[in-house]
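Structural overview
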Amino acid sequence: MMHRKQAMAPGASMSDIAGYLATAIEDDIGEPVFLTGTSTGGSIALQLSLDRPDLVRGLVVVASAYRLGPQCQQTQQELARS
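Here's what I pulled together on the structure shown here. Since the model is a prediction, treat every value here as computed from it, not as a measurement. (Residues numbered from 1 in each chain as written. Predicted model: local features only at pLDDT ≥ 70, side-chain atom pairs only at ≥ 80, totals over all residues. Heavy atoms only, no water.)

With that out of the way, let us pick up unusual backbone geometry. Its identity is not glycine, yet S39 carries a phi of approximately 60°, on the positive side. Assessed through its relative accessible area of 42%, S39 is described here as partly exposed. Its identity as a non-glycine residue notwithstanding, A63 has a phi of 45°, on the positive side. Considering the arrangement of structural elements, one finds A63 in the loop between β2 (56-62) and α3 (70-81). A residue is classified by how much of its surface remains accessible, and A63, at 66% relative accessible area, is exposed. (Buried < 20%, exposed > 50% of the residue type's maximum accessible area, 1.4 Å probe, protein only. Helix = DSSP H or I, 4+ residues; strand = E, 2+ residues; numbered from the N terminus.)

Bringing the pairing of β2 into the picture now. As judged from the six bridges shared by strand β1 (residues 33-38) and β2, these two strands associate in the parallel manner. By the bridge assignment for β2, V33 is matched with V56. Crossover handedness for the path β1 to helix α2 (residues 40-51) to β2: right-handed. (Pairing = 2+ DSSP bridges. Right-handed = clockwise from strand over helix to strand, strands pointing away.)

Given a rise of 1.5 Å per residue, 12 residues ought to cover 16 Å, and the 17 Å separating the end C-alpha atoms of α2 matches this to within 8%. Regarding α2, the residues found buried are G42, S43, I44, A45 and L48. Contacts from the buried residues of α2 go to α1 (14-29), β1 and β2. (Expected span 1.5 Å × (residues − 1). Contact = heavy atoms within 4.5 Å.)

Written out as structure tokens, the structure is:
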């Protein structure tokens with residue numbers, strides 16, 4: 001199981017976050033993986049599968065959306081600051 005990178009730069013995009021994950025997969029695993037992403041993790045898994053399909057063997061996305069509404073964006077930003 002992987003979690004988000006610690007001390008991520010402010011303003012990191014989903015593509016940036018997926019890039020961190022791609023690097024981890026390449027460096028630590030070295031072959032395509034099965035991904036499961038839930039909530040925001042689902043968005044990251046989708047981004048990784050678009051940016052680096054060569055690293056994704058299978059994909060399951062659970063309770064995820066392609067974007068957050070204004071209230072959810074604000075809540076997510078507040079959680080990220082804490």
